[in-house]
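So you can see what is in the structure, the chains are spelled out below.
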Amino acid sequence: MLRIASELFAQKGFRATTVREIAEAAGILSGSIYHHFDSKEAIGDEVLSGFLDEVLADYRSAVSAGSDPADVLERIVRSSSHTLARHHAALTMLQNDWTYFSTQPRFAYMRKDLREIERIWMTELQRGVDSGLFREDLNVKITYRLLRDILWLPMSALQAGGFSTDQVVDSFLRLLFDGITAPDAKASAGRGKARRA
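Residues numbered from 1 in each chain as written. Predicted model: local features only at pLDDT ≥ 70, side-chain atom pairs only at ≥ 80, totals over all residues. Heavy atoms only, no water.

> Could you clarify how one ought to interpret the packing of aromatic side chains in this entry?
The geometry of an aromatic ring pair comes down to the distance between the two centres and the angle between the two planes. The final tally for this structure, using the stated rule, is nine aromatic pairs. Where Tyr100 meets Phe101, the ring centres are 5.7 Å apart and the plane angle is 65°; that geometry is what we call edge-to-face. Like Tyr100, the residue Phe101 is buried in the burial classification. An angle of 45° between the planes, with centres 6.4 Å apart, marks the rings of Phe107 and Tyr109 as tilted. Assigned by exposure class, Phe107 and Tyr109 land together as buried. A connected cluster of aromatic rings, assembled from ring pairs, spans Phe9, Phe14, Tyr100, Phe101, Phe107 and Tyr109. Over the ring of Phe14 we find Lys40; its NZ or CZ atom is 4.9 Å from the centre of that ring. (Phe/Tyr/Trp six-rings, centres within 6.5 Å; stacked < 30°, edge-to-face > 60°. Buried < 20%, exposed > 50% of the residue type's maximum accessible area, 1.4 Å probe, protein only. Lys NZ or Arg CZ within 6 Å of the ring centre and 35° of its normal.)

> When you look at the environment of Ala26 in this model, what are you seeing that I'm missing?
When you line up the elements, Ala26 lands in helix 2 (residues 19-26). Note on Ala26: relative accessible area 28%, which makes it partly exposed. (Helix = DSSP H or I, 4+ residues; strand = E, 2+ residues; numbered from the N terminus.)

> What is the right way to look at the pattern of salt bridges in this model?
Side chains that carry opposite charge are capable of pairing whenever their charged atoms lie near each other. Inspection of every chain in the model, using the stated rule, returns 16 salt bridges. Asp71 is the salt-bridge partner of Arg75, the closest N and O atoms lying 3.1 Å from each other. In this pair, Arg75 and Asp71 are both assigned in helix 5 (residues 69-86), four residues apart and thus about one turn of the helix distant. The exposure class of Arg75 is partly exposed, given its relative accessible area of 37%. The shortest N-O distance in the salt bridge between Asp149 and Arg148 comes to 3.0 Å. Among the residues examined, Asp149 registers a relative accessible area of 44% and is labelled partly exposed. The class for Arg148 is partly exposed, based on a relative accessible area of 28%. Here the salt bridges share partners, and the residues they tie into one network are Asp38, Asp45 and Arg106. (Salt bridge = Lys/Arg side-chain N within 4 Å of Asp/Glu carboxyl O.)

> What am I meant to see in the packing of helix 5 against helix 11 (residues 165-178) here?
Helix-helix packing is described using two parameters, namely the angle between the two axes and the distance between the axes. The interhelical angle for the contact between helix 5 and helix 11, taken along N-to-C directions, is 150°, at an axis separation of 10 Å. Regarding the angle of helix 5 to helix 11, the classification is roughly antiparallel. Where helix 5 crosses over helix 11, the handedness of that crossing is right-handed. Seen from helix 5, the contacting residues are Ala70, Leu73, Glu74, Val77, Arg78, Ser81, His82 and Ala85; seen from helix 11, they are Thr165, Asp166, Val169, Asp170, Phe172, Leu173 and Phe177. Looking at the contact of helix 5 with helix 11 residue by residue, the class counts come to eight nonpolar, three polar and four charged. (Axes fitted to C-alpha atoms, helices over the stretch in contact; angles between N-to-C directions. Parallel < 35°, antiparallel > 145°, perpendicular 65-115°, else oblique. Left-handed = near helix turned anticlockwise from the far one by under 90°. Contact = heavy atoms within 4.5 Å. Nonpolar A, V, L, I, M, F, W, Y, C, P; charged D, E, K, R; others polar.)

See the structure below:
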């Protein structure tokens, strides 16, 4: 029932979806839903809290297991990408109906969870800058927001192009850590800058 409800919420929007529609899609009477959930909000809460709990578990595990900031970020990207792919409906709900959820006391935990996700990213990015692993002119906040927005794109759109989650993740990590400039071109660009200086 949760899977059916989350897919309807993602397709139609949380507010536009009725309990009756969820029941019909599940092949049960609408009154039967209330034996399991006290409201539509309770269903949405179950979907979103389960999703965010898994994402945060991925992040916390990466922090505890990672050897350095780059390793932590790679672990976050690899594990959370699979979680995001499994929970595409919940991710779509979060993105499409954030304005509604963010104003409801029942969903107050979402702000706290998203702040923790941001804190972990920014802490690891800053650790990388401070240790000399990442470039010293890195704008940590902008970098975090760019990476988050790329990572939280619905994986289903990329998979529709015939790419697996692992292929997308590998390409993302290569872009993140190596950039798109060929090593020889980087060296040439560096020499050019030195001559201009």
